[in-house]
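Residues per chain are reported as follows:
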Amino acid sequence: MKRIQYSRYGGPELMRVEHFQLPAPGNGEVAVQVKFAAINPIDWKLRHGQMKIVTGNAFPRPMGMDFSGTVISVGPGVTQYKAGDSVFGLARFKESGALGEAVVTKENFLATKSENISFEAAACLGTPGVTAWNGLIDKAKLRMGQHVFINGCAGAVGEAAVQIARLFGAVVSGSCSARDMKRATSMGVQHVYDYRTTDLSAITTRFDVVYDTAATMTVSCGLAMLRRGGVFLDLNPSPGKLVRSLFERRLKPIIGSPRAEILEKLASAARENRFGIPVGETVSLNGAIQLITELERGRKLGGKGVVAME
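The rules we used
Residues numbered from 1 in each chain as written. Predicted model: local features only at pLDDT ≥ 70, side-chain atom pairs only at ≥ 80, totals over all residues. Heavy atoms only, no water. Helix = DSSP H or I, 4+ residues; strand = E, 2+ residues; numbered from the N terminus. Rg over C-alpha atoms; globule rule 2.2 N^0.38 Å. Buried < 20%, exposed > 50% of the residue type's maximum accessible area, 1.4 Å probe, protein only. Contact = heavy atoms within 4.5 Å. Areas by Shrake-Rupley, 256 points an atom, 1.4 Å probe, with all protein chains shown as cover. Lys, Arg positive; Asp, Glu negative; His and termini not counted. Charge placed at Lys NZ, Arg CZ, Asp CG, Glu CD. Pairing = 2+ DSSP bridges. Right-handed = clockwise from strand over helix to strand, strands pointing away. Polar contact = N/O pair within 3.5 Å; in protein donor to acceptor, adjacent residues only side chain to side chain. Salt bridge = Lys/Arg side-chain N within 4 Å of Asp/Glu carboxyl O. Axes fitted to C-alpha atoms, helices over the stretch in contact; angles between N-to-C directions. Parallel < 35°, antiparallel > 145°, perpendicular 65-115°, else oblique. Left-handed = near helix turned anticlockwise from the far one by under 90°. Nonpolar A, V, L, I, M, F, W, Y, C, P; charged D, E, K, R; others polar. Core = buried A, V, L, I, M, F, W, Y, C linked by side-chain atoms within 4.5 Å.

Asker: I'd love a proper account of the overall build of the protein chain, names of residues and values included.
Answerer: Scanning the protein chain from terminus to terminus reveals ten helices and 16 strands. In terms of C-alpha radius of gyration, the protein chain reaches 19 Å, essentially the compact-globule figure of 19 Å for 310 residues. Dimensions along the principal axes, computed over C-alpha positions, put the protein chain at roughly 55 × 40 × 40 Å. For the protein chain, the proportion of its 310 residues judged to be buried stands at 54%. Considering only residue pairs separated by 6 or more positions, the protein chain has 68% of its internal contacts joining residues 24 or more positions apart. When the accessible surface of the protein chain is split by element, carbon and sulfur atoms take 51% of a total near 13900 Å². Taking the average place of the 38 positive charges on the side chains of the protein chain and the average place of its 27 negative ones, the gap between the two points comes to 5 Å.

Here you go:
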């Protein structure tokens, strides 16, 4: 089988489509034949070695977190899935590997794909949906009627956050580029600000939750936008911010933590046409390296970059 991998940490020039041997799934693991994989910024962050304290120094290392496909086989202890089941979800963080023809992941990192959702659309749900849920529901404990501000509300995680906030009955405001403001409004963002022309610190409205899904806000700005008892969700945690959050309880750094419960709720919302992330461009596995490189260098698609394995 083939997948995208690299032989040392570094830039996009290190990516190669190479053959590999798929291991048998271990205890609680599932082997999946990938139909589509979605590209995320975490893919190149891991390749650059930003999390090598977790990913280690064993090479070659595969790339990719989000995928959809059909189950090939299951390991001991797996009870939810069997060969032939249609699923979507995330690869294991340390091992990655979704940008390939097959991947082994944890049973807990999967959900069943409903028939009315395409494999292409399902591949886009995992990381954005889980990250948005981790922040709004797990950390902020979002409640109906609360006011949420989402910085980067037209990005993948931002769109997911808008939809999840609205599912829970929150009032949503946010910022994005001028070209995306109409789309943000159509998603239900009540007050939309152009991030290029708006000083967020000058916004006088105060919010119960501020989620910096664009990872561009300072902590001081985020905290200043909060109501009493509010929470600032920071998607760009650093060691300094993690330490600060121990003393500043309003600051909640977000580290993506998938689990079956979240993925099943995302699957249910997608089945009811209440949750989804748009596809911006789809390429073959052989064309994926070029698209990843372009996205890493700042190209905007207006949706997810997706890789078709067939």
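Text resumes after the structure shown.
Asker: Tell me about the pairing of strand β16 (residues 304–308), residues and numbers included.
Answerer: The buried fraction of β16 is high, at five of five residues. Where burial is concerned, the two faces of β16 agree: the one with Lys-304, Val-306 and Ala-308 and the one with Gly-305 and Val-307 are both buried. Relative to β16, strand β3 (residues 29–38) runs antiparallel, the two sharing three bridges. Residue Ala-38 lies in a different strand from β16, and its bridge partner there is Val-306. One ladder, built from five bridges, connects strand β15 (residues 279–284) with β16; its direction is parallel. Paired with Ser-284 across the two strands is Ala-308, which belongs to β16. Following the backbone out of β15, through helix α10 (residues 285–296) and into the adjacent parallel β16, one traces a crossover that is right-handed.

Asker: Give me the side chain of Asn-134: which residues, what numbers.
Answerer: In this fold, Asn-134 is placed in helix α4 (residues 126–139). A polar contact of 2.6 Å, which involves the side chain of Asn-134, links it to the backbone nitrogen of Ser-257. Excluding residues that lie within four positions of it along the chain, Asn-134 makes contacts with Lys-139, Ile-254, Ile-255, Gly-256, Ser-257, Arg-259 and Ile-262.

Asker: Any details on the pattern of salt bridges? Residues and values, ideally.
Answerer: Between side chains of opposite charge, pairing is possible as soon as their charged atoms come close. If you walk through the whole model with that rule in mind, you get 16 salt bridges. Notably, a salt bridge pairs Arg-259 with Asp-138, separated by 2.9 Å at the nearest N-O pair. Highlighted residues: Arg-259 in the loop between β14 (251–253) and α9 (260–271) and Asp-138 in helix α4, separated in sequence by 121 residues. As a salt-bridge pair, Arg-250 and Glu-248 come within 3.1 Å of each other at their nearest N and O atoms. When salt bridges with common partners are traced through the structure, they connect Asp-138, Arg-259, Glu-261 and Lys-265 into a single cluster.

Asker: I'd like a rundown of the packing of α4 against helix α5 (residues 156–167), residues and numbers included.
Answerer: Where α4 contacts α5, the two axes come as close as 8 Å, and the packing angle between them is 55°. Comparing their axes, α5 and α4 come out oblique. In the crossing of α4 with α5, the sense of the turn from one axis to the other is right-handed. Across from Pro-128, Gly-129, Thr-131, Ala-132, Trp-133, Leu-136 and Ile-137 in α4, the residues of α5 making contact are Ala-156, Val-157, Ala-160, Ala-161, Ile-164 and Ala-165. Residue classes in the contact of α4 with α5 are distributed as eleven nonpolar, two polar and no charged.

Asker: Residues and numbers for the nonpolar core, please.
Answerer: One finds Leu-136, Leu-142, Ile-164, Leu-233, Leu-266 and Phe-275 to be the most contacted residues of the largest nonpolar core, which totals 50 residues. Excluding its chain neighbours within four sequence positions, the residues that come into contact with Leu-266 are Leu-125, Gly-129, Val-130, Trp-133, Ile-164 and Phe-275. Among the nonpolar cores identified, the runner-up in size contains 32 residues, and Ile-4, Val-30, Ala-98 and Ala-288 belong to it.

Asker: Which residues make up the sheet that holds strand β12 (residues 207–212), and what values do they have?
Answerer: Spatially, six strands are ordered β11-β10-β9-β12-β13-β14 in an open sheet, and the strand pairing comes out parallel. Since the sheet does not close on itself, it has two edges, and those belong to β11 (191–194) and β14, each with one partner. Pairs of neighbouring strands in the sheet enclose a mean axial angle of 15°, with direction left out of account. Relative to strand β10 (residues 171–176), strand β9 (residues 147–151) runs parallel, the two sharing five bridges. Across the sheet, Val-148 pairs through a bridge with Val-172, a residue of β10. Where helix α8 (residues 239–247) meets the sheet, its contacts fall on β13 (226–234) and β14, and the angle it forms with β14 comes to roughly 140°.

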